[in-house]
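Residue-level listing of the chains:
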Amino acid sequence: MFLTHCPFPVTVSVCVQGIAVMTMQTPPVNSMSLDLLTEFSISLEKLEMDRSCRGVVLTSSLPKIFTAGLDLTDMYEKSPEYCGEFWKAVQEMWLKLYGSNMVTIAAVNGSSPAGGCLMAMSCDYRIMADSPKYTIGLNETQLGIVAPFWFKETMVNTLGNRTTELALQLGLLYSAPEALKIGLVDQLVPEEKVLSTATSTMAKWFTIPDHARQITKSMMRKPTLDKLLSHRESDVNNFINFITKDSIQKLLKMYMERLKQKKN
């Protein structure tokens with residue numbers, strides 16, 4: 001969860017046969033910092049405007065990790081103004097990815113908790129490395145944090161209400177086989193084949209006329225997107241008020257100290 005600054009937190013491959021690959025590469029664990037989130041949204045917007053690009057695969061250059069989720073250091077001991085900018089960047093990432101006209105496939109090559117799970121769920125299709133040691137889920141409650149309504153609704157749209165209720169209240173992290181069983185991911189493949197499978201799967205999606213697929217996707221997702229768009233400012237204010245509370249700051253500090261001890 002601790003950010004090591006990288007000049008290029010996200011790289012984008014040249015679009016080949018309509019497919020681009022966006023790769024997160026911020027050691028040690030691709031924490032979703034303000035820098036990474038901003039670069040992610042800019043890169044995705046550029047691809048959206050590229051008419052030769054019909055689909056994008058999201059993946060990580062780091063072994064064993066897709067992304068560890070939101071960067072806790074961007075939420076700890078920061079001013080309300082900074083927290084607001086950070087949360088706007090989280091919103092923007094989700095709005096652009098969940099509402100993308102392109103085919104989006106998550107090539108989840110390792111663990112993907114919290115915000116990483118949100119990013120994967122926002123894609124049209126999820127392929128995960130077949131290993132019980134890799135986990136995925138919205139585990140915010142374990143940190144004393146509450147997933148906002150649009151995290152919740154993204155999961156409800158993926159898993160249904162009852163499974164989401166259990167997952168969110170208990171802050172569950174599912175192993176790859178468990179995630180496949182409940183429909184949190186769509187396919188498991190050997191770790192070394194995650195990216196190649198994602199690109200070959202894209203070809204199947206390309207057999208569907210873009211306009212028909214895009215309209216159908218919008219029909220399914222627009223109500224959820226519109227809900228955040230109409231409550232965006234209040235969602236930012238709710239985040240600022242929550243994350244800057246002394247009690248929440250203490251919980252973040254405790255969690256980060258535990259992470260340091262694990263690392264050492």
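Residues numbered from 1 in each chain as written. Predicted model: local features only at pLDDT ≥ 70, side-chain atom pairs only at ≥ 80, totals over all residues. Heavy atoms only, no water.

Draft legend 1. Local environment of the layout of surface pockets. Considered as a void within the structure, the second largest pocket measures approximately 290 Å³ in volume. In this structure, the second largest pocket is lined by 14 residues; those nearest its centre are Tyr-98, Asp-124, Asn-157, Met-220 and Arg-221. When residues of the lining of the second largest pocket are traced back to their parent elements, those giving at least two are α4 (149-159) and α8 (210-230). If you tally residues by element for the lining of the second largest pocket, the top one is α8, at five residues. (1 Å grid on protein atoms, 1.4 Å probe; cavity = no way out; pocket = protein on both sides within 12 Å on 5 of 7 lines; lining within 4 Å. Points joined across faces, edges and corners; volume = space filled by probe spheres on them. Helix = DSSP H or I, 4+ residues; strand = E, 2+ residues; numbered from the N terminus.)

Draft legend 2. Examining the environment of Cys-53 more closely. With respect to the helices, strands and loops of the structure, Cys-53 is situated in the loop between α1 (34-49) and β3 (55-60). Each C-alpha atom of the pair Cys-53 and Val-14 lies 9.4 Å from the other, and the pair is 39 residues apart in sequence. Those residues in contact with Cys-53 that sit more than four places away from it in its chain are Cys-15, Gly-18, Ala-20, Leu-47 and Met-102. (Contact = heavy atoms within 4.5 Å.)

Draft legend 3. Highlighting the pattern of salt bridges. The final tally for this structure, using the stated rule, is 13 salt bridges. Note that Glu-92 and Lys-96 form a salt bridge whose closest N and O atoms lie 2.3 Å from each other. Taken as a pair, Glu-92 and Lys-96 lie in helix α2 (residues 80-98) at a separation of four residues, close to a single helical turn. Its salt-bridge partner being Lys-152, residue Glu-153 comes within 3.6 Å of it at the nearest N-O pair. (Salt bridge = Lys/Arg side-chain N within 4 Å of Asp/Glu carboxyl O.)

Draft legend 4. Inspection of the side chain of Gln-249 at higher detail. One can find Gln-249 in helix α10 (residues 246-263). Judged by relative accessible area, which is 14%, Gln-249 ranks as buried. Only 2.8 Å separates the side chain of Gln-249 from the backbone nitrogen of Glu-77, close enough to count as a polar contact. A polar side-chain atom of Gln-249 sits 2.7 Å from the main-chain carbonyl oxygen of Ile-243. Apart from residues lying up to four places away in sequence, Gln-249 is in contact with Met-75, Tyr-76, Glu-77, Ile-243 and Thr-244. (Buried < 20%, exposed > 50% of the residue type's maximum accessible area, 1.4 Å probe, protein only. Polar contact = N/O pair within 3.5 Å; in protein donor to acceptor, adjacent residues only side chain to side chain.)

Draft legend 5. Molecular detail of the side chain of Lys-217. Turning to its location among the elements, Lys-217 is positioned in helix α8. Separated by 3.1 Å, the side chains of Lys-217 and Asp-124 make a polar contact.

Draft legend 6. Fine view of the sheet that holds strand β8 (residues 135-137). The strand order across the open sheet built from four strands is β4-β6-β8-β9, with neighbouring strands paired in mixed fashion. Two strands lie at the open edges of the sheet, namely β4 (64-65) and β9 (174-175), each paired on one side alone. Strand direction decides the pairing type here: β4 and strand β6 (residues 110-113), joined by two bridges, are parallel. What sits directly across from Ile-65, in β6, is Ser-111. (Pairing = 2+ DSSP bridges.)

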